[in-house]
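# Chains, contacts and geometry: an overview
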Amino acid sequence: MRIVERILAAAAGGVGEAVLLRGDTGTGKSAVLNTARALAAERGFYVCAATGIESETAIPYAGLHQVLKPFLPRIHELMPRQQNALLTAFGLDDGPAPEMLMVGLAALQLISDPADTSPVLVVVDDAQWLDASSVDVLAFVARRINTERIGLVVAVRNGIPARIGDAGLPEHGVAPLDVGAAEALLDVVAPGLPATSRQRVLADSAGNPLALIELSQAIDQHNGTRASSSLHLPISYRLERSFLRQVSQLPTTTAFVLLVAAADDSCDVGEILAAATVALADPASTASLDPAVAVGLVEVLGHELQFRHPLVRSAIYQSAPPSQRAAAHTALAEILQPHKERRAWHRAAACIGQDDDVARDLEAAAGTAFDRGSARTAAVILGRAASLGESGKSRGRLLLRSAEVNIRLGDLEVARQQLADAMREQLTEEEELRALIWSEAINDRKWFSSATIDVFASLAGDLARSSATGKDLALQALFQFVIAAWYEDVAPETRNRMVEMVQQLKRGDDDMEALAIATFADPDRQLGALAERSAHFVPERLSVATQRTIGVTFGGASDYERAWPWLSAAADGYRQEGLLGTLADTLVPLVWAAIPLGKFRMAETFGAELARLYRDSGRARWAVVGDFAVATILAERGETERALAMIADAERELRDLGGSQGARCYAQYARGRAAMVDHDYDTAFAELARVFDRSDVLFHPFARHRSTADLVEAALRSGRSDDARRLMDDLEEHAARQGSSSFFRATVTYLRPLIAGEQDAELLFDRALGGPLAGWPFLLARTQLNYGQWLRRQRRLIDARTQLRAAVAGLDSLGATSLADDARAELRAAGEAAPPSAVQQVDDLTPQELQIARLAASGLTNREIGMQLFLSHRTVGYHLYRIFPKLGITSRAQLRALDLGPE
């Protein structure tokens with residue numbers, strides 16, 4: 001019980017903790033949870049609990065509804081957007097489908113608000129049966145309670161896949177009792193057991209507490225004997241047999257009522273008895289439960305029926321003949337006419353064989369799940385509906401719909417199989433085109449040949465002509481195809497063919513989204529057109545989705561200066577709308593635009609945020625892209641050991657999750673920058689050159705451009721002048737060909753003085769500082785450092801000091817501590833005492849603290865800040881409590897007066 005005491009003490013002290021208890025059936029997980037609930041209640045905690053029920057696994061947010069039930073009367077205290085998200089998730093409102101993260105924030109707020117007065121304990125038993133949406137929300141909450149007066153204890157049974165097990169909760173194994181503890185427990189539960197029987201129970205139970213209790217009672221009831229056939233059966237099976245012996249002695253009506261209760265996804269006694277009455281010749285009443293209560297199989301607490309142990313429920317349900325289980329589900333479906341989603345699921349559970357009518361009900365239930373913001377559950381329901389379809393036509397349509405949902409969720413392996421299965425069924429012409437085009441779009445084994453493009457183009461054209469929404473669907477699939485091509489070394493004529501496809505699918509001359517997709521397909525040739533057209537628009541006048549598409553495209557073309565306003569507007573829009581999953585997708589290009597633009601603090605803040613959002617939404621394989629960005633900034637600050645460890649951890653996670661190799665190009669950049677700031681130019685060249693090598697798996701035709709300046713400089717400083725000149729020639733040719741991106745012009749401007757001979761260097765340095773590097777503060781400060789070094793080597797110390805002073809100031813302002821220290825060393829070598837490190841107070845703040853400080857300085861309340869950053873208001877308050885002393889202030893008014901530094 002030490003772990004329970006720790007959780008309760010931590011929650012009472014405002015340092016919330018979560019733990020996942022994992023063990024075999026009967027090892028005492030439920031007993032631990034019951035003890036935790038009792039102790040928490042004694043100490044004045046609010047206690048909320050849930051138990052996973054197998055029949056609820058496809059009902060979105062069913063488990064969460066159990067958890068939040070005690071707090072639902074306070075739902076009106078939430079901010080409107082949170083309130084609407086939760087009500088819609090529970091099917092109590094018809095608002096737009098909420099994202100899981102917004103539901104999670106609402107749940108966190110609803111649990112944490114009462115914690116202002118008393119701590120809260122949340123306990124969840126049999127969590128392996130929780131629906132996926134509830135698991136995602138509980139994982140979200142668990143990651144955010146470290147500053148809350150909340151404890152969370154979750155139990156899962158070994159041997160059954162449990163989604164909650166992937167949530168990263170600290171785990172604690174519940175092991176069998178040792179010999180001494182087992183003997184002590186047996187002394188309490190069966191003090192008069194004969195010695196021979198006692199030894200049998202101890203041997204057979206193997207330290208399992210529930211087995212000790214049940215087997216000792218069974219042996220006592222059978223006068224010390226046991227069935228020899230049970231000698232080698234698993235403990236869980238022996239326990240089920242023990243419970244079932246008790247059930248077998250109950251009246252027939254009572255036994256059937258228990259089966260209905262086991263099949264039901266509710267604990268409501270009235271509902272259970274009503275369903276049993278439908279199926280039985282005689283009406284069932286509360287008296288029907290008395291025999292089960294008398295032998296301790298169930299309890300009736302007010303209007304709720306509770307099984308003595310989760311294993312009692314599963315034993316009763318699993319042991320029942322299929323016909324009786326079907327009768328129980330049919331009866332429940334009969335009385336649940338107003339509850340269409342639950343009724344559909346019970347009809348499906350009762351179905352033996354295939355039934356189009358039941359499949360249609362499930363399809364409608366999937367639509368409800370969509371409306372409630374649970375796309376993952378909808379995909380599961382559609383898959384089940386497909387298995388029940390009588391005709392190949394209905395099976396194919398449902399498999400296709402499920403596949404399209406799984407594509408949206410990123411479950412591409414499942415989607416590929418479903419698309420293949422769908423194409424073996426009877427599809428309409430439009431459905432067949434959709435299946436084919438999606439199969440091509442997500443085919444991870446494709447090569448981008450002209451033949452492949454021709455096939456895709458033909459399919460896209462046919463789909464566009466097949467229905468009113470055909471063009472939209474074709475363009476969506478084409479964008480997936482184009483994104484995949486961005487990572488590949490695709491021939492120019494093939495990229496040109498993709499552009500032609502987009503042109504055929506555009507929905508008018510003013511279709512900015514189509515123009516952006518065409519540019520993404522062939523950035524080098526199409527960027528100018530997008531740059532020219534987008535200049536006539538203010539981002540806020542277009543939809544948030546179009547803002548993002550344009551910003552992503554500019555970022556993919558290395559036009560970071562143009563990408564920034566579009567991506568910033570899109571991120572603000574998604575944040576305001578609470579679309580947190582899409583916000584994370586938008587923060588990826590925003591972060592990697594921030595780094596070359598010299599917005600280091602912003603890059604670190606958003607990098608940490610996107611990593612957190614991806615992990616919260618179950619997309620950890622993309623979280624590492626944020627980790628690589630944060631590692632890059634750590635390297636710029638001189639924390640190379642920490643940066644390299646973070647890169648290694650993220651790459652290990654990526655391998656474990658089977659993530660895309662394409663994400664590793666970001667790791668190479670981070671590792672290369674770490675080597676550059678450590679003056680290890682050989683390593684820097686080796687790491688960065690991989691992204692430029694067409695024979696290397698890490699080659700990237702576009703992302704490599706961000707590394708060009710470092711690769712050329714590393715080549716020069718490691719004696720590889722031929723490599724440097726070859727790379728420089730390629731860069732200048734690319735810059736001339738593309739023409740529109742100021743990033744390429746700035747990179748060429750930065751490198752020319754370094755690669756030039758001594759006679760040309762000064763002129764090129766002066767030209768660089770004359771304006772072309774405006775808007776590129778990091779390249780500007782590095783140029784000032786390089787110029788100062790060159791001037792010192794020419795023994796022009798006074799001129800050198802001017803440049804080095806400017807370099808120190810510029811690098812300090814960016815937080816590029818490592819290079820700032822290099823500039824100070826050069827300044828001292830030039831004969832001038834270097835100013836002390838201008839570490840700003842904001843540099844003592846974590847990325848999240850800086851984000852909170854800026855929002856608080858803008859006048860937002862703690863709750864409003866929490867809405868923006870998906871934290872509870874208590875957590876925001878906790879961070880401000882830590883921020884104020886770091887900044888040497890005591891109030892929000894003083895915070896507004898502070899300079900919180902550049903982005």
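As a convention, each chain's residues are numbered from 1 in the sequence order in which they are written. In view of the model being predicted, local features appear only for residues whose pLDDT reaches at least 70, and side-chain atom pairs are presented and counted only at 80 or more, with totals across whole chains, interfaces and linings using the full set of residues. Only hydrogens and water are removed before side-chain values are computed, so all heavy atoms of the structure are retained for them.

In this section: the overall build of the protein. A helix here means a DSSP run of H or I that spans at least four residues, while a strand means a run of E at least two residues long, and both kinds are numbered starting from the N terminus. Per the secondary structure count, the protein includes 45 helices and 7 strands. Within these notes, the globule rule equals 2.2 Å times the number of residues to the 0.38 power, and the radius of gyration is based on C-alpha atoms. Since a compact globule built from 903 residues should have a radius of gyration of about 29 Å, the 32 Å found for the protein is in line with a globular shape. Along the longest, intermediate and shortest principal axes, the C-alpha atoms of the protein span 105 × 65 × 50 Å. Only protein chains enter the calculation, and the probe is 1.4 Å; a residue is then buried if its accessible area is under 20% of its type maximum, exposed if over 50%, and partly exposed in between. Counting the 903 residues in the protein, one finds 56% classified as buried. We call two residues in contact when some of their heavy atoms are within 4.5 Å. Considering only intrachain contacts with a sequence separation of at least 6, the fraction spanning at least 24 residues in the protein is 67%. Only the protein chains shown count as cover for residues, and the accessible areas themselves come from Shrake-Rupley with a 1.4 Å probe. Accessible surface for the protein amounts to roughly 36,400 Å². Of this, 51% is attributable to carbon and sulfur atoms.

Now for empty space enclosed by the protein. A cavity here means a set of 1 Å grid points, computed over protein atoms only, where a 1.4 Å probe fits but cannot escape. A pocket is an open set with protein on both sides within 12 Å along at least 5 of 7 lines, and lining residues have an atom within 4 Å of a point. Grid points are joined across faces, edges and corners, and a volume is the space filled by probe spheres set on the points. Evaluated as defined, the whole model comprises 2 cavities of 30 Å³ or more. Approximately 120 Å³ is the volume attributed to the largest cavity. If you trace the largest cavity, you find it lined by Ile595, Pro596, Tyr669, Arg706, Ala709, Asp710, Phe743, Thr747, Phe778, Leu779 and Arg782. Those elements that provide at least two residues to the lining of the largest cavity are helix H35 (708–717), helix H37 (742–755) and helix H39 (777–793). Per element, the largest residue contribution to the lining of the largest cavity is 3 residues, and it comes from H39. In this count, Pro and Cys sit with the nonpolar residues alongside Ala, Val, Leu, Ile, Met, Phe, Trp and Tyr, while Asp, Glu, Lys and Arg are called charged and the others, Gly among them, polar. A class-by-class count of the residues in the lining of the largest cavity yields 7 nonpolar, 1 polar and 3 charged. In this model, the second largest cavity occupies a volume close to 50 Å³. In this structure, the second largest cavity is lined by Thr25, Gly26, Lys29, Ser30, Asp125, Asp126, Arg157, His309, Pro310 and Leu311. When residues of the lining of the second largest cavity are traced back to their parent elements, those giving at least two are helix H2 (29–42) and helix H14 (310–319). For the lining of the second largest cavity, the per-class residue count stands at 2 nonpolar, 4 polar and 4 charged.

Moving on, we come to the sheet that holds strand E4 (residues 150–157). Whether two strands pair depends on DSSP finding at least two bridges between them. Read from one edge of the open sheet, 5 strands run E2-E3-E4-E1-E5, paired in parallel fashion. Whereas interior strands pair on both sides, the edge strands pair on one side only; in this sheet they are strand E2 (46–51) and strand E5 (171–173). The mean inter-strand angle of the sheet, taken between neighbouring strand axes irrespective of direction, is 20 degrees. Looking at chain direction, strand E1 (residues 17–23) and E4 are connected through 7 bridges and run parallel. The residue bridging arginine 22 from the neighbouring strand is valine 156, located in E4. Convention adopted: a line fitted to C-alpha atoms gives each axis, helices being fitted over their contacting stretch, and angles between N-to-C directions are expressed from 0 to 180 degrees. Where helix H1 (residues 2–12) meets the sheet, its contacts fall on E1, strand E3 (120–125), E4 and E5, and the angle it forms with E1 comes to roughly 160 degrees. Its contacts with the sheet place H2 against E1, E2, E3 and E4, and it is angled at close to 160 degrees to E3.

Turning our attention to the nonpolar core. Ranked by size, the top nonpolar core spans 203 residues in total, and within it Leu68, Leu86 and Trp592 carry the most contacts. When near neighbours in sequence (up to four residues on either side) are disregarded, leucine 86 contacts Leu64, Leu68, Ile75, Leu78, Val103, Ala106 and Leu110. In this structure, Leu250, Leu289, Val312 and Tyr317 belong to the second largest nonpolar core, which totals 35 residues. Side-chain atoms within 4.5 Å link the members of a nonpolar core, which is a set of buried Ala, Val, Leu, Ile, Met, Phe, Trp, Tyr and Cys residues.

Two numbers describe a pair of aromatic rings. These are the distance of the centres and the angle of the planes. The pairing test for Phe, Tyr and Trp rings, Trp by its six-membered ring, is centres within 6.5 Å, and the orientation test on the planes gives stacked under 30 degrees, edge-to-face over 60, and tilted for anything in between. By the definition in use, this model includes 14 aromatic pairs. Arranged with centres 5.7 Å apart and planes meeting at 40 degrees, the rings of tryptophan 486 and phenylalanine 520 form a pair that is tilted. You can see tryptophan 486 sitting in helix H23 (residues 470–486) and its partner phenylalanine 520 sitting in helix H25 (residues 512–521), a full 34 residues away along the chain. When its relative accessible area of 8% is taken as the criterion, tryptophan 486 is described as buried. With relative accessibility at 5%, the residue phenylalanine 520 sits in the buried group. Aromatic pair phenylalanine 765 and tryptophan 790: ring centres 6.4 Å apart, planes at 50 degrees, arrangement tilted.

Now for helix H31 (residues 620–636). Take the residue count of a helix, subtract one, and multiply by 1.5 Å to get its expected span. In this model H31 runs 25 Å from its N-terminal to its C-terminal C-alpha over 17 residues, within 8% of the 24 Å that 1.5 Å per residue would give. Among the 17 residues of H31, 15 are classified as buried, and the element is accordingly described as predominantly covered. Count one or two residues on from H31 and you reach glycine 638, which has phi positive near 90 degrees.

What follows is about the pattern of salt bridges. One speaks of a salt bridge when a side-chain nitrogen belonging to Lys or Arg is within 4 Å of a carboxyl oxygen belonging to Asp or Glu. Following the criterion strictly, the structure yields 59 salt bridges and no others. Across the pair aspartate 113 and arginine 863 runs a salt bridge whose closest N-O atoms are separated by 3.3 Å. Of this pair, aspartate 113 sits in the loop between helix H5 (100–112) and E3 while arginine 863 sits in helix H43 (residues 862–869), and the two are 750 residues apart along the sequence. The exposure class of aspartate 113 is buried, given its relative accessible area of 8%. The shortest N-O distance in the salt bridge between aspartate 511 and arginine 507 comes to 2.8 Å. When its relative accessible area of 11% is taken as the criterion, aspartate 511 is described as buried. Counted as one network, the salt bridges with shared partners bring together Glu636, Arg673, Asp710, Glu713, Arg717 and Arg782.

The next thing to look at is the environment of tyrosine 881. Secondary-structure assignment places tyrosine 881 in helix H44 (residues 873–887). What makes tyrosine 881 exposed here is its relative accessible area of 66%. Spatially, the C-alpha atoms of tyrosine 881 and arginine 43 are 27 Å apart, while their sequence positions differ by 838 residues.

A few words now on the confidence of the model for the protein. Per-residue confidence from the predictor is given as pLDDT, running between 0 and 100. On average, the protein scores 87 in pLDDT, and the residues at 70 or more come to 95%. Of all the helices and strands in the protein, helix H9 (residues 209–221) carries the lowest mean pLDDT, 70, while helix H34 (residues 681–689) carries the highest, 97. Contacts of residues 223–233 to residues separated by more than four positions or lying in other chains number 15 contacts, the stretch itself having pLDDT below 50.

Moving on, we come to the packing of helix H26 (residues 523–534) against helix H36 (residues 721–738). Orientation of H26 relative to H36, taken along the N-to-C sense of each, is 40 degrees, at an axis distance of 8 Å. On the basis of the axis angle, H26 is oblique to H36. Contacts between H26 and H36 involve Pro523, Asp524 and Leu527 from the first element and His734, Arg737 and Gln738 from the second. Considering only residue class, the contact of H26 with H36 consists of 2 nonpolar, 2 polar and 2 charged. Convention used here: angles under 35 degrees read as roughly parallel, angles over 145 as roughly antiparallel, angles from 65 to 115 as roughly perpendicular, and any remaining angle as oblique.

It is worth spelling out the packing of helix H15 (residues 322–335) against helix H16 (residues 340–350) at this point. Between H15 and H16, the shortest axis-to-axis distance is 8 Å and the interhelical angle comes to 160 degrees. Judged on the interaxial angle alone, H16 and H15 are roughly antiparallel. The hand of the H15/H16 crossing is left-handed. For the pair formed by H15 and H16, the contact residues are Ala326, His329, Thr330, Leu332 and Ala333 on the first element and Arg343, His346, Arg347, Ala349 and Ala350 on the second. Grouping the constituent residues of the contact of H15 with H16 by class yields 5 nonpolar, 3 polar and 2 charged. Crossings are assigned a handedness: left-handed for a near helix turned anticlockwise from the far helix by less than a right angle, right-handed for a clockwise turn.

Our focus in this paragraph is the environment of isoleucine 272. Secondary-structure assignment places isoleucine 272 in helix H12 (residues 269–279). Assessed through its relative accessible area of 2%, isoleucine 272 is described here as buried. For the pair isoleucine 272 and tyrosine 487, spaced 215 residues apart in the sequence, the C-alpha separation amounts to 56 Å. Each residue touching isoleucine 272, except ones within four places of it in the same chain, is listed here: Val257, Val260, Ala261, Asp264, Ser266, Cys267 and Leu305.

Moving on, we get to the state of the cysteines. Each disulfide consists of one covalent bond between the sulfur atoms belonging to two cysteines. Cysteine sulfur atoms are paired as a disulfide whenever they come within 2.5 Å of each other. Counting across every chain of the model gives 0 disulfides. This cysteine, cysteine 48, is not joined by any disulfide, and cysteine 267 carries the nearest cysteine sulfur, 15 Å off. For cysteine 267, a relative accessible area of 24% translates into the label partly exposed.

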